[in-house]
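What follows is each chain in one-letter form.
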Amino acid sequence: MRFHVMTLFPDMIANGLGTSITGRAIDNHIFELNIVNIRDYTQDKHKHVDDYPYGGGAGMVMQPGPVYECYKDIIKDMDKKPRVIYMTPQGKVFSQSIAEELAKEEELVFLCGHYEGIDERVLEEIVTDELSIGDYVLTGGELPAMVMIDSISRLIPGVLNNGDSAEYESFQDGLLEYPQYTRPVTFLDKKVPDVLLSGHHGNIAKWRREKSLERTLLRRPELLETAELSKDDQKMLEKIRKKLDFS
Ligand code: ADE
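Draft legend 1. Spatial organisation of the sheet that holds strand β6 (residues 107-111). Pairing in this open sheet of 5 strands is parallel, and the strands run β2-β1-β6-β5-β7 from one edge to the other. Sheet topology places β2 (32-37) and β7 (129-132) at the edges, where each strand pairs with a single neighbour. Averaged over all pairs of adjacent strands, the angle between their axes in this sheet comes to 30°, without regard to strand direction. Examined bridge by bridge, strand β5 (residues 83-93) and β6 share 4 bridges and lie parallel to one another. Note on β6: the bridge partner recorded for Arg83 is Leu108. Packed onto the sheet, helix α1 (residues 10-17) meets β1 (2-7) and β2 and runs at close to 160° relative to β2.

Given below as C-alpha cells:
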C-alpha cells in the first residue's frame, strides 16, 4: 500500500506518522508514505498558493493550479486513477468500516486543505471521496489525514506485530471493547476481576463478551442496532438489561 499526502505542511505529516507503530512500519517497508508539498507546484514567484475568494468574504482560498499540478505528478506513473480523499468537515464521517474498505486499495491520495478551503473546480476534477473525522472544525486537513492513515495502515498485515495487536477490539463486530487489566492484582484497593485470574478460558471469554455488551448498551446503545449478535449475545443482553434496569 502506498499513501500519498498532498499538503502545505509536510513536516506535520512526517513527524506525526514517522513515530511509533506507523513509523516502524514505514522503516520496515510495510507501507509507503509519499508526502508531497503542494507549494512546490506553484508558478508564483513568491510561492503563493492561495488568494482572495471571488465574491468576497473572510480568509483565503487555495488556488486550483498548484493542487492540480501536484496531483498530476503523483499519478503520472499509475495505471489507473487512485481514490483521492479530500479532508473536509462537509464529508461523510470516517468510520472503522470505511477504514476497512480503504485498506483494500493499492494507492490512496489524501488532499489536505488549509485556509478557507480549496477552489471547487480542482476538487470536482480530482476528488473521489470527501471525508470528515467528526462534527468539529480543524485548522487544516493534516490531522484528519493522519487519523485516517493511522487507522487504515494498522489493518495492513505486518503493521501491528503480536505485541501491539488486539485480537478483539472496539468496533470489530460493532461492539465496544471489554475493559483490560494488568499487574498489579490490587491497585488503590481495587482488585482485578477474579475470573481473569482463574485461567478458565471459557469463563473469561464469556465475561468479556458480557462486558462488551454492557459497555455498548451503556455508552453507545445505537451500535446495538447494527452489531452482529448471536442468539447467546441476545440472551446475555436481555440479562444485562434486566440487571441494569434498562427497558
Ligand atoms: N478539516 C477541517 N476540519 C475537518 C474535519 N473535522 N474533518 C476532516 N477535515 C477537516
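Draft legend 2. Spotlight on the state of the cysteines. Per the counting criterion, the structure on display carries 0 disulfides. For Cys70, which is in no disulfide, the shortest distance to another cysteine sulfur is to Cys112 and amounts to 10 Å. By relative accessible area, which is 0% here, Cys70 ends up buried. A relative accessible area of 1% means that Cys112 is categorised as buried.

Draft legend 3. Spotlight on the nonpolar core. One finds Phe3, Phe110 and Ile152 to be the most contacted residues of the largest nonpolar core, which totals 24 residues. Contributing elements (two or more residues each) for this core: β1, α1, β5, α4 (96-102), β6 and α6 (142-153). Those residues in contact with Ile152 that sit more than four places away from it in its chain are Met1, Phe3, Phe94, Ala99, Leu102, Ala103, Leu108 and Phe110.

The rules behind the values
- Residues numbered from 1 in each chain as written.
- Predicted model: local features only at pLDDT ≥ 70, side-chain atom pairs only at ≥ 80, totals over all residues.
- Heavy atoms only, no water.
- Pairing = 2+ DSSP bridges.
- Helix = DSSP H or I, 4+ residues; strand = E, 2+ residues; numbered from the N terminus.
- Axes fitted to C-alpha atoms, helices over the stretch in contact; angles between N-to-C directions.
- Contact = heavy atoms within 4.5 Å.
- Disulfide = S-S within 2.5 Å.
- Buried < 20%, exposed > 50% of the residue type's maximum accessible area, 1.4 Å probe, protein only.
- Core = buried A, V, L, I, M, F, W, Y, C linked by side-chain atoms within 4.5 Å.

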